[in-house]
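# Examination of the molecular architecture
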Amino acid sequence: MLEIKCPYCGKRSQNEFSYGGDATIKRPQLGDEISTEDWDNFVYYRDNPRGKHSELWHHVSGCRQWFKVSRDTATHEIFDTCKMNEDFNV
Amino acid sequence: MQKYSVFSLVKNAFTNHENWEVAWKDPEPKKEYDVIIVGGGGHGLATAYYLAKEHGITNVAILEKGWIGGGNVGRNTTILRSNYMFDSNAHFYEFGMKLWETLSQELNYNVMYSPRGIINLAHSDAQMNAYARRGNSMRLNGIDAILLGRDDLKKMIPFADFSETCRFPIHGGLMQPRGGTARHDAVAWGYARQADSMGVDIIQNCEVTGFDVNNGKIEGVQTSRGNIKTKKVGLCVAGSTTLLADMLNMRLPIEAHVLQACVSEPVKPLLHNVVTFGAGHFYCSQSDKGEMVMGGDLDGYNSYAQRGNMPMIQHVLTGGLAVFPNFSRLKMLRTWGGIMDMSMDGSPIIDKTHIEGVYLNCGWCYGGFKATPSSGFVFAHTIAQDQVHELNSDFNLERFHTGKIIDEKGVGPKPWIG
């Protein structure tokens, strides 16, 4: 069982959360010249690291806020969590 | 190679079974090979076998970080089927089903192919319509499919919950009678033994640590047991594909996720088919030992750990108990996890790459076991001929650029939802 620290509610059980994928991918800016490769990278391509991974989680059965989690994909250790507009401390 | 038969069994019984030949050797890596396969799982072993058998290429090495068959080929729930709607999938997996039917004879190794039938349960009229459509598509592609009604199923799985007041009443189901199971380890061992007998070197405890690429061409592989030269490399490493692709500066439309499975204590014969619950993620078959082999959803977050967490086991078994309430009294024997190379459309990638001589076989999601023979067959063709076989021509990398994706489930590029 993962114990995830919601930046709004504190430590809660994994059961209350749902996953939102890689937090580092950014949608191409509206108005910019966007190549098809940019779209490919945004929609399909992922770094998929073994180790530290920035990802989105949703406290869906709690405060319903989205936030960021820094987690190890090999050990499942959670290093840090933060709000969407913040950066990790660790 | 020693042929396995009832006579060899009797003959060896006289010497207390102490004189059997080893099934495959344990060679030192040579300096150079024509083809190197990275990954000694089902797909890697099958690829080496078909390279030797179909294409006469026998100067081949299989490099395996651990021991052969220790990854997903030893961790799956052994289900075989070709009940797909899309043509690309249907043709590819049906080709595989035909290979499965004669695999034990071909390999002289009992893979215990058991065409016990796979039944997908339907729990609404809409789902029955969807299954009728899928069944029709399958039959148009020459695949066996039968639409079952509620009364048919009452005879086949009488212990399922057929009450009319339950949350997801059973309306019927779609069955592929030729679908079923096989003994997963035997598949790996059978391919290994035949490949070895034709001259393939199976090199275990040999981790690939880098690639020698020069002018866009592969020249060799760096390993924990020294550098090995080669002109062709096939990657068959499932969940670890991204780790090797990183060494080749290739970014892939893949995420690694953990999928768990579990077995109960063994009980007397009860469940004679493979059954999937249609209103949640749960599927089950009974092994020859009597254990209920069960599986379901991904844990749902990126993971390279070959173990999962209890919430998903609980979620899957909750679905299981909804359809088979009598399973509540079974004791759990063990659970385990494997790393799935989840592609962004749920279909595999078997293709050439931007590096000459590097071939990619990945993206099997949670369906790799049934594809072992067909994947090995077409990947061997792709490597030997340096061009894709017609059966894997749609499983290319280019589709994530052109948009011709094969999204059988229709969930989009969010692997953890599928």
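## With respect to the overall build of chain A
- Along chain A, the regular secondary structure elements total 1 helix and 6 strands.
- For chain A, the α and β elements follow one another from N to C terminus as β-β-β-α-β-β-β.
- Seen through its C-alpha atoms, chain A measures out along the principal axes to roughly 40 × 30 × 25 Å.
- Buried positions account for 39% of the 90 residues belonging to chain A.
- Counting only contacts in chain A whose residues sit at least 6 apart along the sequence, the fraction spanning at least 24 positions is 43%.
- Roughly 5,200 Å² of accessible area belongs to chain A as shown, and the carbon and sulfur atoms make up 44% of that amount.
- Distance between charge centroids for chain A: 8 Å, based on 12 positive and 15 negative side chains.

## Let's talk about the pairing of strand β5 (residues 66–72) of chain A
All names here are of chain A.
- With 6 of its 7 residues buried, β5 lies for the most part within the structure.
- Bridge count between strand β4 (residues 52–58) and β5: 7 bridges; the pairing is antiparallel. From the neighbouring strand, H53 faces β5, where its bridge partner is R71.
- Judged from the 5 bridges that link them, β5 and strand β6 (residues 78–83) form a sheet pairing that is antiparallel. In the strand pairing of β6, K68 is matched with C82.
- The hairpin formed by β5 and β6 contains 5 residues between the paired strands, and H76 there has a positive phi angle of roughly 70°.

## Considerations on the sheet that holds strand β3 (residues 18–22) of chain A
All names here are of chain A.
- Strand order across the open sheet formed by 4 strands is β3-β4-β5-β6, with antiparallel pairing between neighbours. Single-partner strands in this sheet number two, and they are β3 and β6. Strand after strand, the sheet turns through a mean of 30° between neighbouring axes, direction not considered.
- Pairing geometry for β3 and β4, over 4 bridges, is antiparallel. Its bridge partner lying in β4, D22 is registered against E55.

## Things to note about the nonpolar core
Residue and element names in this part refer to chain B.
- Among the nonpolar cores identified, the biggest contains 51 residues, and Y50, L51, F92, W100 and Y191 are the most heavily contacted of them.
- Listed by contribution, the elements that provide at least two residues to this core are β1 (32–38), α2 (42–55), β2 (60–63), α3 (87–101), α4 (103–107), α7 (184–197) and α10 (372–385).
- Of all the elements, α2 adds the most residues to this core, at 7 residues.
- For Y191, the residues in contact, after removing those within four places along its chain, are L45, A46, Y49, Y50, L103, L107, T372 and P373.
- By size, the runner-up hydrophobic cluster in this structure holds 31 residues, among which are I203, C206, V237 and M344.

## As for the confidence of the model for chain B
- Taken as a whole, chain B shows an average pLDDT of 96; of its residues, 100% reach a score of 70 or greater.
- The ipTM for the predicted assembly is 0.96, set against a pTM of 0.96.

## A closer look at the pairing of strand β11 (residues 226–235) of chain B
Residues and elements named next belong to chain B.
- Pairing of β1 with β11, which is carried by 6 bridges, proceeds in the parallel orientation. What sits directly across from Y33, in β11, is T230.
- The pairing of strand β10 (residues 217–223) with β11 spans 4 bridges and is antiparallel. Within the sheet, the bridge partner assigned to G220 lies in β11 and is K229.
- Of the pairings in the sheet, the one linking β11 to strand β18 (residues 358–362) comprises 3 bridges and is parallel in character. Across the sheet, residue V233 finds its bridge partner in β18, namely V358.

## Considering the interface of chain B and chain A
- Taken residue by residue, the interface counts 25 residues in chain B and 26 residues in chain A.
- Across the chain B/chain A interface, buried area totals approximately 2,400 Å², and carbon plus sulfur atoms make up 50% of it.
- Per-residue buried area on chain B facing chain A is highest for B:R251, B:Y301 and B:Y304; these three make up 27% of the total on that side.
- For the pair chain B and chain A, the interface holds 2 salt bridges.
- For the pair chain B and chain A, the interface holds 15 residue pairs in polar contact (both at pLDDT 80 or more).
- Looking at side-chain class alone, the side of chain B that touches chain A contains 15 nonpolar, 7 polar and 3 charged residues.

## Notes on empty space enclosed by the protein
All names here are of chain B.
- Under the counting rule described, the total for this entry stands at 1 cavity of 30 Å³ or more.
- Lining of the largest cavity is provided by Q260, A261, C262, M294, G295, G296, D297, M312, I313 and V316.
- For the lining of the largest cavity, the elements supplying multiple residues, two or more each, are β12 (254–266), β15 (291–302) and α9 (310–323).
- With 4 residues, the top contributor of residues to the lining of the largest cavity is β15.
- Its residues placed into classes, the lining of the largest cavity shows 6 nonpolar, 3 polar and 1 charged.

## Side note on the pattern of salt bridges
All names here are of chain B.
- One pass over the structure, following the stated rule, counts 21 salt bridges over all chains.
- A salt bridge links K98 to E94; the nearest nitrogen and oxygen atoms lie 3.6 Å apart. Note that K98 and E94 are positioned in helix α3 at a spacing of 4 residues, about one turn of the helix.
- A relative accessible area of 5% places E94 in the buried class.
- For D288, the salt bridge goes to R116, with nearest N and O atoms at 3.7 Å. With a gap of 172 residues between them, D288 in the loop between β14 (282–286) and β15 and R116 in the loop between α4 and β4 (118–122) connect regions that are remote in the sequence.
- When its relative accessible area of 60% is taken as the criterion, D288 is described as exposed.
- Salt bridges here are not isolated pairs; linked through shared partners, they connect E94, K98, E101, D144 and R178.

What counts and what doesn't
Residues numbered from 1 in each chain as written. Chains lettered and ligands numbered in written order. Predicted model: local features only at pLDDT ≥ 70, side-chain atom pairs only at ≥ 80, totals over all residues. Heavy atoms only, no water. Helix = DSSP H or I, 4+ residues; strand = E, 2+ residues; numbered from the N terminus. Buried < 20%, exposed > 50% of the residue type's maximum accessible area, 1.4 Å probe, protein only. Contact = heavy atoms within 4.5 Å. Areas by Shrake-Rupley, 256 points an atom, 1.4 Å probe, with all protein chains shown as cover. Lys, Arg positive; Asp, Glu negative; His and termini not counted. Charge placed at Lys NZ, Arg CZ, Asp CG, Glu CD. Pairing = 2+ DSSP bridges. Axes fitted to C-alpha atoms, helices over the stretch in contact; angles between N-to-C directions. Core = buried A, V, L, I, M, F, W, Y, C linked by side-chain atoms within 4.5 Å. pLDDT = per-residue confidence, 0-100. Buried area = accessible area lost by both parts, 1.4 Å probe. Salt bridge = Lys/Arg side-chain N within 4 Å of Asp/Glu carboxyl O. Polar contact = N/O pair within 3.5 Å; in protein donor to acceptor, adjacent residues only side chain to side chain. Nonpolar A, V, L, I, M, F, W, Y, C, P; charged D, E, K, R; others polar. 1 Å grid on protein atoms, 1.4 Å probe; cavity = no way out; pocket = protein on both sides within 12 Å on 5 of 7 lines; lining within 4 Å. Points joined across faces, edges and corners; volume = space filled by probe spheres on them.

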